[in-house]
Amino acid sequence: MSAEWRCVRRNQDECRRYLDQFKVFDHPLKQSTITVLESKGTRIKTINNISESNSGTSSTLSLDPLSLALDGEDPLSQFARQDSAQDPLSQMAAEFEGVLNVTSSRLPHKKVREVNNLLDMDLIEPWASRRVGILNKYTTNEKLSIVTSFLNGGETIKSQTTMSEKVKHRLEQLDEFEDGTVRQMLDLSQQEYVLKIEQLNHELVQAWNTDQRVKALKIAIQCSKLLADTSVIQFYPSKFVLITDILDIFGKLVYDRLLVKGESSADGSKKTSTLPDDFTPDMVPESAKETCQNWFYKIASIRELLPRLYVEMAILKSYRFITAKEFNSTLLRLTHMIRGVGDPLVAIYARCYLCRVGMAVTTDREYIKENLNDILLIYHTIFNGGIRADIAKHRITLNGYISLFLPALDWIIQGATILSTDSELDDILRKCYDRKNSALLMQSILQSFRPDYIALRAVQFVEILSSITIEGLSRGQLLRMLGYTLSNTAPPAEQRALALNSAWRTVSSMVNAEEYIQCAEMWSQFTSQHFGLREINALMGDILYHMTPNRSYERHYHELQVIVEKIVSNSQDIHGVLALENFLPMLDLFQKESIKLDVGKSILTSYRSISGDLSISDPVVTNALMYISKVLNDSVNALTSEDERRQISNLISHFIRKVDFGRDFEQQLSFYVEARAAFSNLDPVYSTLIHCVNRLATSTRRIVKGQHTGKTAAFVKACAAYCFITIPSIIDVTTRMELYLQSGQVALLNVCLQQADSCFEAALNLIPEIPRTYEQDGKAQSTEPFLKSFLVNFLSTLVIVPDNPTQGVLYLLRLLVEVIKKYPFDSNSNTLASVYLHVLDFLSVAAQEVYPYHIVNVISNDELYGSDPKFLAEVHSLGCEVCDQLLQILKQLLETGNLRQQSQLALELFLKIITGADLTVDRMFTLTYNLWNLAAKHRNTLDAKQLQQIFSYTEHLAEVTQLESQKRCLQLLLEKMKSRM
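S.K.: Please explain the overall build of the protein as it appears in this structure.
M.R.: In terms of regular secondary structure, the protein is built from 44 helices and seven strands. The proportion of buried residues among the 981 residues of the protein is 49%.

S.K.: Mind showing me how you'd approach the pattern of salt bridges here?
M.R.: Opposite charge on two side chains lets them pair, provided their charged atoms get close. A complete count under the given rule lists 31 salt bridges for this structure. For R339, the salt bridge identified is with D374, shortest N-O distance 3.0 Å. Of this pair, R339 sits in the loop between α11 (326–337) and α12 (344–359) while D374 sits in helix α13 (residues 366–377), placing them 35 residues apart in sequence. The closest approach of N and O atoms between K630 and D634, which form a salt bridge, is 3.1 Å. Separated by four residues within a single helix, K630 and D634 lie in helix α29 (residues 619–634), roughly one turn from each other.

S.K.: What is the right way to look at the confidence of the model for the protein in this model?
M.R.: When pLDDT is low, close inspection of the predicted coordinates is not appropriate. Averaged over every residue, the pLDDT of the protein is 84; residues scoring 70 or more account for 84%. Note that residues 31–72 has pLDDT below 50 and, in this model, 64 contacts with residues that lie over four places away or in other chains. Note that residues 265–269 has pLDDT below 50 and, in this model, one contact with residues that lie over four places away or in other chains.

S.K.: When you look at empty space enclosed by the protein in this model, what are you seeing that I'm missing?
M.R.: Any empty space left between the atoms is revealed when a probe the size of a water molecule rolls over them. Counted by the stated rule, this structure contains five cavities of 30 Å³ or more. Size it by volume and the largest cavity reaches roughly 90 Å³. Lining the largest cavity are P344, A347, I348, R351, I375, I378, Y379, T381, I382, F405, L409 and L440. Sorting elements by how many residues they give to the lining of the largest cavity places α12 first, with four residues. Tallied by class, residues from the lining of the largest cavity come to 10 nonpolar, one polar and one charged.

S.K.: Is there a simple way to explain the environment of D643 in this structure?
M.R.: You can see D643 is positioned in helix α30 (residues 642–658). For D643, a relative accessible area of 54% puts it in the exposed group. Only 2.7 Å separates the side chain of D643 from the side chain of R646, close enough to count as a polar contact.

S.K.: Mind showing me how you'd approach the environment of T230 here?
M.R.: By the element assignment, T230 lies in the loop between α7 (213–225) and α8 (236–261). T230 sits in the buried class, given a relative accessible area of 13%. If near-sequence neighbours (up to four positions away) are discounted, T230 is found in contact with Y236, D343, V346 and H394.

S.K.: How should I be thinking about the packing of aromatic side chains in this particular structure?
M.R.: Pairs of aromatic rings are described using the distance from one ring centre to the other and the angle between the two planes. One pass over the structure, following the stated rule, counts 31 aromatic pairs. Ring geometry for Y236 against Y349: centres 5.6 Å apart, planes inclined by 65°, an arrangement best described as edge-to-face. A residue pair is termed long-range when its members are at least 10 positions apart, and Y236 in helix α8 and Y349 in helix α12 qualify at 113 residues. For Y236, a relative accessible area of 0% puts it in the buried group. Y349 sits in the buried class, given a relative accessible area of 1%. Relative to F461, the ring of Y453 has its centre 6.4 Å away and its plane inclined at 85°; by these criteria the two rings are edge-to-face. Judged by relative accessible area, F461 falls into the buried class, the value being 0%.

S.K.: Just checking my understanding: could you explain the pairing of strand β7 (residues 779–782) for this structure?
M.R.: Sheet faces and side chains relate simply in a regular strand, where the side chains alternate between the two faces. Note that strand β6 (residues 773–776) and β7 share four bridges and pair antiparallel. Each residue of the ladder has a partner; that of Q776, found in β7, is K779. Taking the residues that link successive antiparallel strands as the turn, the β6-β7 hairpin has two residues, and the phi of D777 there is positive, at about 55°.

S.K.: How should I be thinking about the packing of helix α34 (residues 733–749) against helix α35 (residues 753–765) in this particular structure?
M.R.: Each packed pair of helices is defined by two parameters, the angle between the axes and the distance between the axes. Interhelical geometry of α34 versus α35 gives an angle of 160° and a closest axis separation of 8 Å. Classified by the angle between their axes, α34 and α35 sit roughly antiparallel to one another. Viewed along their axes, α34 and α35 form a crossing whose handedness is left-handed. Residues M737, Y740, L741, S743, G744, Q745, A747 and L748 of α34 form the contact with α35, whose own contacting residues are L753, Q755, A756, C759, F760, A762 and A763. A per-class count over the contact of α34 with α35 returns 11 nonpolar, four polar and no charged.

S.K.: Help me out: how do you make sense of the side chain of E644 in this one?
M.R.: Relative to the helices and strands, E644 is located in helix α30. Polar side-chain contacts of E644 include one of 3.0 Å to the side chain of K601. In this structure, E644 is in contact with L597 and K601, ignoring residues within four places of it in sequence.

S.K.: Would you take a moment to explain unusual backbone geometry for this structure?
M.R.: With the exception of glycine, the majority of residues adopt a negative phi angle, and the majority of peptide bonds are in the trans configuration. Its identity is not glycine, yet D122 carries a phi of approximately 55°, on the positive side. Relative to the assigned elements, D122 resides in the loop between α3 (88–106) and α4 (127–137). In this structure D122 comes out as exposed when scored by relative accessible area, which is 67%. We note that K705 has phi near 55°; this positive angle belongs to a residue other than glycine. Within the secondary structure, K705 sits in the loop between α32 (683–704) and α33 (710–726). Residue class for K705 comes out exposed when judged on its relative accessible area of 71%.

S.K.: Would you explain helix α10 (residues 305–314) in this entry?
M.R.: What sets the pattern is the α-helix's 3.6 residues per turn: residues three or four places apart point alike. For α10, the buried fraction is high: nine of the 10 residues fall into the buried class. Along α10, the residues that are buried comprise L306, P307, R308, L309, Y310, V311, E312, M313 and A314. On the buried face of α10, the contacting elements are α7, α8, α9 (286–300), α11 and α12.

S.K.: I'm lost on the state of the cysteines in this one. Help?
M.R.: By definition, a disulfide links two cysteine residues through a covalent bond between their sulfur atoms. Taken as a whole and judged by the stated rule, the model has zero disulfides. Cysteine C719 is unpaired, with the sulfur of C723 as its nearest cysteine sulfur at 7.0 Å. Relative accessible area serves as the criterion here: at 2%, C719 is assigned to the buried category. The cysteine C752 is free of any disulfide, with C719 supplying the nearest cysteine sulfur at 8.8 Å. A relative accessible area of 2% means that C752 is categorised as buried.

Reading the values: rules and limits
- Per chain, residues are indexed from 1 in the order of the written sequence.
- Where totals are concerned, whole chains, interfaces and linings use all residues; where local detail is concerned, this predicted model gives features only for residues with pLDDT of at least 70, and gives and counts side-chain atom pairs only at 80 or more.
- Working from all heavy atoms in the structure, the side-chain values ignore hydrogens and water.
- Helix and strand definitions follow DSSP, with helices as H or I runs of at least four residues and strands as E runs of at least two, each counted in order from the N terminus.
- Type-normalised accessible area, obtained with a 1.4 Å probe on protein chains alone, sets the label of each residue: buried when under 20%, exposed when over 50%, and partly exposed for intermediate values.
- The term salt bridge refers to a pairing of a side-chain nitrogen on Lys or Arg with a carboxyl oxygen on Asp or Glu at a separation within 4 Å.
- Note: pLDDT gives the predictor's confidence per residue, expressed from 0 to 100.
- Contacts are residue-level and defined by heavy atoms, with any inter-residue pair within 4.5 Å sufficient.
- Think of a 1 Å grid over the protein atoms and nothing else: a 1.4 Å probe that fits but is trapped marks a cavity, an open set flanked by protein within 12 Å on at least five of seven lines marks a pocket, and residues with an atom within 4 Å of a point count as lining.
- Grid points are joined across faces, edges and corners, and a volume is the space filled by probe spheres set on the points.
- Polarity classes work like this: nonpolar for Ala, Val, Leu, Ile, Met, Phe, Trp, Tyr, Cys and Pro, charged for Asp, Glu, Lys and Arg, and polar for all others, with Gly in that last group.
- We define a polar contact as two N or O atoms separated by no more than 3.5 Å, with the added condition that, inside protein, one atom must be a possible hydrogen donor and the other a possible acceptor, whereas residues neighbouring each other in sequence contribute only through side-chain atom pairs.
- The rule is short: rings of Phe, Tyr and Trp, with Trp giving its six-membered ring, pair when the centres are within 6.5 Å, and they are stacked under 30 degrees, edge-to-face over 60, tilted in between.
- Only strands joined by at least two bridges in the DSSP assignment are considered to pair.
- An axis is simply a line fitted to the C-alpha atoms; with a helix, the fit covers only the stretch in contact. Between two such axes, the angle follows the N-to-C directions and lies from 0 to 180 degrees.
- Should an angle fall under 35 degrees it is called roughly parallel, over 145 degrees roughly antiparallel, and 65 to 115 degrees roughly perpendicular, with every other angle called oblique.
- Crossings are assigned a handedness: left-handed for a near helix turned anticlockwise from the far helix by less than a right angle, right-handed for a clockwise turn.
- Disulfides are defined in this document as cysteine sulfur pairs within 2.5 Å.

Written out as structure tokens, the structure reads:
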């Protein structure tokens with residue numbers, strides 16, 4: 001049957017929904033307390049915080065909502081209340097402390113373990129962290145060779161047969177394998193060489209595990225001999241790392257073996273006791289001491305100096321089993337023995353290994369100082385003619401040769417600085433500075449000395465680095481290291497300007513562009529951290545002066561990018577930096593688009609993180625950020641990923657939101673117009689611009705307090721026109737609809753009725769273009785929830801929108817009802833029915849004499865029509881049309897057998913009718929009763945209390961209704977409803 005909808009006029013209080021309302025006396029989240037009185041002789045069961053008792057007592061039970069939901073107190077609260085509300089770590093700490101207190105009263109007090117070596121102090125960078133860096137830095141493409149008797153393959157070196165050779169062989173028998181067969185493996189690549197070294201390591205461990213101690217020793221000896229080979233000199237530091245790893249393993253095997261031999265029994269029984277960690281020689285059995293001495297005797301019989309040194313150093317820790325006072329003298333003895341090694345590169349790495357093992361066994365530093373003094377004594381030999389001729393044969397530059405010394409020298413100097421006073425460091429600095437060509441020593445000092453020591457003497461170090469003779473190293477590299485140190489450890493304030501001026505005077509005089517830009521990269525951070533805009537601008541100007549000739553900047557994009565990032569991120573005045581004279585010319589150096597994009601993103605990212613609450617009002621700063629943002633926008637094309645688009649859009653949007661010209665709204669709008677032209681590739685940026693313009697229009701209304709003048713009225717209309725013109729450029733349909741609605745609401749707020757109508761009409765016309773689904777997290781999601789939410793918001797706004805005289809009564813609502821049919825709703829969805837129900841709510845409000853809300857200076861339809869009968873007739877006509885559509889949906893639900901959804905819709909339509917329709921119309925009264933019967937017929941598909949709640953609401957409505965005719969109809973309806981309950 002068709003409906004005959006007529007709206008009934010009510011007071012707003014009558015239309016309130018009471019279905020889910022009930023009186024409460026306390027807040028639902030307020031904790032409740034129940035008092036339980038128990039009679040004498042009963043036993044109270046413990047529930048949560050209810051106590052047990054055998055006599056008359058009262059107890060309380062906490063009943064907060066979470067407790068009720070969890071059948072008592074929630075687990076976290078229970079856990080927190082346990083054991084005096086201590087958390088698990090506090091409980092464990094308390095228990096542990098209690099155990100210590102008990103045991104300390106029973107056991108003698110155990111002394112805290114004393115630090116007995118330098119490495120335990122954690123004052124020096126561990127060797128393990130340096131190891132990887134050395135292996136990665138010092139590589140080679142040349143062919144390597146290994147001479148050994150423990151690996152298969154290679155050319156056999158036959159034993160000699162003359163008498164003199166036999167005598168020599170007997171003297172070196174400890175150095176050779178039992179069968180006297182030594183093989184030489186040639187033409188090995190670096191990877192193959194490393195693999196062979198690993199095989200030797202495996203052979204050593206396997207020999208030791210099979211009780212072949214002599215074989216293991218000989219493998220260690222042959223590995224040590226490899227360190228005398230400098231044929232591939234650029235690989236020597238990495239070879240040193242690989243070989244000393246094997247020697248470290250050999251030393252540990254010997255030490256662990258002696259620990260096992262050190263197990264003894266005081267009473268002669270079979271029970272043995274292990275030596276403690278801090279054992280002394282008097283705790284070691286004589287058999288273990290004898291074994292230890294035998295190892296050192298065997299090593300002392302090695303004829304060649306270098307393997308004898310390395311193997312003894314490898315097992316140096318084992319001296320603990322013999323005497324506790326031998327370490328210092330032994331280390332000094334080995335230091336003096338290294339003087340017999342002629343090659344300065346081989347010698348310094350031998351000293352490095354000695355210092356490394358020495359730091360692990362003693363806190364004494366005398367041997368380290370002695371090694372450093374020996375290095376300084378022969379330092380000049382690195383630059384003599386013989387060495388130069390030798391490195392020429394290896395086809396390596398002096399710079400490359402000197403760099404081979406750095407890992408060993410850094411370790412030795414860093415060891416010498418441990419626990420050193422400033423006067424001792426001064427002495428080391430003076431000795432190193434006095435050497436000719438001391439650049440290598442100064443580089444190690446900068447790497448190894450304490451940063452605070454260097455910072456306190458910043459000017460002195462600048463003068464030293466500017467005056468020393470440079471051979472084999474770059475002065476720029478030294479100044480770069482100093483700049484790095486001062487950037488991380490600030491020098492005294494009175495030294496900063498002098499240090500910067502002195503250093504930059506030297507840096508600026510550099511002819512080599514690469515050397516210059518590397519120094520500028522590091523000192524730019526120091527400058528931006530501690531100086532103002534004038535110094536930063538001068539720095540950038542000098543960089544432009546050096547990088548522009550011959551297009552040198554094209555070869556140093558990375559360094560220039562780092563400089564810009566450091567200046568922007570470390571400056572105290574970000575807006576001042578952006579406005580500097582040399583800032584934009586600095587950006588123009590980046591001619592490569594990909595690099596310029598990275599720089600722009602970096603600048604805007606830094607600006608977003610440090611700008612805080614700062615706003616932009618300086619046109620120069622605005623233009624600089626606009627230029628950078630335009631670079632990012634122009635980089636977007638069809639191949640740009642969504643993540644990249646989102647990142648760029650967020651950065652540009654943040655910049656746009658920061659621009660604020662205060663009360664100069666016209667300049668603000670002009671900026672938004674310029675931004676719209678500049679950022680045409682990014683829809684999210686357009687959305688930001690539209691939001692900003694709407695906010696600008698709202699701010700204008702707030703300032704004039706809703707009473708626009710001719711000038712402000714024209715301005716807000718310009719804002720509305722800006723939004724209306726900009727929105728169509730956005731691709732996403734749903735975004736356009738939301739922006740049209742928001743812009744229309746703002747236009748309505750500013751009494752721009754024609755602009756508001758245009759926005760609302762454009763939004764409705766987009767409904768047929770909405771796709772049925774969209775992708776989210778890889779899954780297809782329906783757009784129906786969005787459409788429903790949008791239309792509910794739209795209808796609430798439409799209540800106060802006056803009709804356009806040229807379009808007819810309720811033109812926008814008729815357009816909505818028409819276009820909603822063009823959306824492809826899911827057949828099992830109730831969205832369309834829900835929209836129609838909301839339309840009925842709108843029509844009920846539209847028929848009232850006074851609407852529930854208004855906008856100042858906007859004449860809504862209640863004032864415009866004044867309840868004109870023609871207007872009401874149009875409302876009733878639309879109501880009939882919508883009711884017919886709902887009845888058609890009910891019929892379709894019956895045909896598809898969806899009884900639950902049909903019953904639910906019948907109840908919802910029933911509520912709309914009794915709330916907003918005139919029940920005195922017979923056809924409407926009959927329809928209402930039929931809807932109730934339909935729902936009651938399938939009540940098993942509904943919630944159990946739903947029919948009763950609706951019946952109660954109908955009773956309430958019958959009581960509060962002031963129209964007698966409507967009240968009688970409701971009472972009659974209630975009587976009929978009771979028969980179906």
